[in-house]
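Overview (structure and organization)
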Amino acid sequence: MLLGILVVLCFIPTADVTENKILVDQSPLLTVAHKNATLVCNYTYNGTGKEFRASLHKGTDRAVEVCFILWNTTKISSNSNKEFNCEGIHDKDKVIFNLWNMSVNQTDIYFCKIEAMYPPPYVYNEKSNGTVIHVKETPMQIQEPQSPIPLWTMVAVTGVLAFYSMLVTAAFINYWQKSKKNLYHQSDYMNMTPRHPPYQKNKGYPSYAPTRDYTAYRSWQP
């Protein structure tokens, strides 16, 4: 009877164990220095699926789904967890997850999951080794206090003020010298108005009338 069972098993066609399988390959470590990371999930699939879903999961238990992407022959859609900034991109035989503005507390191991959704049978990849994303803390940058006014501006303003002061001073000196010269010329002027003796002040003669000598008339009296 045992021989008969063996004969029957020999005639049963064996299934290809590699058919309808999805294999995923990830880099083991990814260091993030500037809060941005790019995780590439390479995969191989030899089935007949036409609609796929790829997702990125955080933690050893894959409890947190970071983001996912759906695609088929004509359409692609993507969605992200509110606690992450993530976008998925499909490119031939790989899925690229771009993450930005990552924080230190998001350092963890991340797994890629690829699923063949349609047509049946539904297939997804086995758990891969994952990628440890190490987010480094950004060092604090101490900025030196900057002068509110640039040095060259202060130098230019000082130069303009100095030049203006020199012009004002030169104009004032020139004006002072001209005023002094005019005052000197005025002091040399001579008053040419004729002056009369004091005893002629009560006479009714004008200033230009000649003075008469009355003693000459008194000498003819008898």
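Now for a description of the structure that goes with this document. Everything quoted here is computed from the prediction, not taken from an experiment.

Digging into the nonpolar core
- In this structure, Leu39, Leu56, Val66, Val95, Phe97, Leu99 and Tyr110 are the most contacted members of the largest nonpolar core, which totals 28 residues.
- Contributions of two or more residues to this core are made by strand E1 (22–25), strand E2 (29–32), strand E3 (37–45), strand E4 (51–58), strand E5 (64–71), strand E8 (94–99), strand E9 (108–118) and strand E11 (131–135).
- Here Leu56 is in contact with Leu39, Val64, Glu65, Val66, Cys67, Phe97, Leu99, Tyr110, Phe111 and Cys112, once residues within four sequence places are set aside.

Some thoughts on the pattern of salt bridges
- Scanning the model with the defined rule gives 3 salt bridges in all.
- Between Glu115 and Arg53 there is a salt bridge; the shortest N-O distance is 3.4 Å. One end of the pair, Glu115, is in strand E9; the other, Arg53, is in strand E4, with 62 residues separating them in the sequence. Accessibility classification places Glu115 together with Arg53 in one group, the buried group.

Some remarks on the side chain of Gln26
- Tracing the sequence through the fold places Gln26 in the loop between E1 and E2.
- Since its relative accessible area comes to 11%, Gln26 is described here as buried.
- At a separation of 3.1 Å, a polar atom in the side chain of Gln26 contacts the main-chain carbonyl oxygen of Tyr110.
- At 2.8 Å, the side chain of Gln26 and the backbone nitrogen of Cys112 are in polar contact.
- Apart from the residues lying within four places of it in its own chain, the contact partners of Gln26 are Leu39, Val40, Cys41, Tyr110, Phe111, Cys112, Ser128, Gly130 and Thr131.

Focus: the state of the cysteines
- Scanning the model with the defined rule gives 2 disulfides in all.
- Note on cysteine connectivity: Cys41 is disulfide-linked to Cys112, with sulfurs 1.6 Å apart. Placement of the pair is Cys41 in strand E3 and Cys112 in strand E9, with a sequence separation of 71 residues. Here Cys41 matches Cys112 in class, with each residue buried.
- Linked covalently through their sulfurs, Cys67 and Cys86 form a disulfide whose S-S length is 2.0 Å. Linking Cys67 in strand E5 with Cys86 in strand E7 (residues 86–91), this pair joins segments that are 19 residues apart in sequence.
- Cys86 gets classed as buried once you look at its relative accessible area, which sits at 7%.
- Assigning the bonded cysteines of the chain consecutive numbers by sequence position, one obtains the connectivity 1-4, 2-3.

Some remarks on the side chain of Ser55
- By the element assignment, Ser55 lies in strand E4.
- Setting aside residues no more than four positions away along its own chain, Ser55 makes contact with Glu65, Cys67, Phe68, Phe97, Phe111, Cys112, Lys113 and Glu115.

Concerning the packing of aromatic side chains
- Going through the model one piece at a time under the given rule, you end up with 3 aromatic pairs.
- Measuring from ring centre to ring centre gives 5.4 Å for Tyr45 and Phe52, while their planes differ by 80 degrees; the resulting arrangement is edge-to-face.
- Relative accessible area serves as the criterion here: at 9%, Phe52 is assigned to the buried category.
- Residue placement shows Arg53 over the ring face of Phe68; its charged tip is 4.3 Å from the ring centre.
- The ring of Tyr124 carries Lys113 above its face, with NZ or CZ at 5.1 Å from the centroid.

Observations regarding the sheet that holds E3
- The strand order across the open sheet formed by 4 strands is E1-E3-E8-E7, and the pairing between neighbours is antiparallel. The open sheet has two edge strands with one neighbour each: E1 and E7. In this sheet, adjacent strand axes meet at a mean angle of 20 degrees when their direction is disregarded.

Reading the values: the criteria
- Residues numbered from 1 in each chain as written.
- Predicted model: local features only at pLDDT ≥ 70, side-chain atom pairs only at ≥ 80, totals over all residues.
- Heavy atoms only, no water.
- Core = buried A, V, L, I, M, F, W, Y, C linked by side-chain atoms within 4.5 Å.
- Buried < 20%, exposed > 50% of the residue type's maximum accessible area, 1.4 Å probe, protein only.
- Helix = DSSP H or I, 4+ residues; strand = E, 2+ residues; numbered from the N terminus.
- Contact = heavy atoms within 4.5 Å.
- Salt bridge = Lys/Arg side-chain N within 4 Å of Asp/Glu carboxyl O.
- Polar contact = N/O pair within 3.5 Å; in protein donor to acceptor, adjacent residues only side chain to side chain.
- Disulfide = S-S within 2.5 Å.
- Phe/Tyr/Trp six-rings, centres within 6.5 Å; stacked < 30°, edge-to-face > 60°.
- Lys NZ or Arg CZ within 6 Å of the ring centre and 35° of its normal.
- Pairing = 2+ DSSP bridges.
- Axes fitted to C-alpha atoms, helices over the stretch in contact; angles between N-to-C directions.

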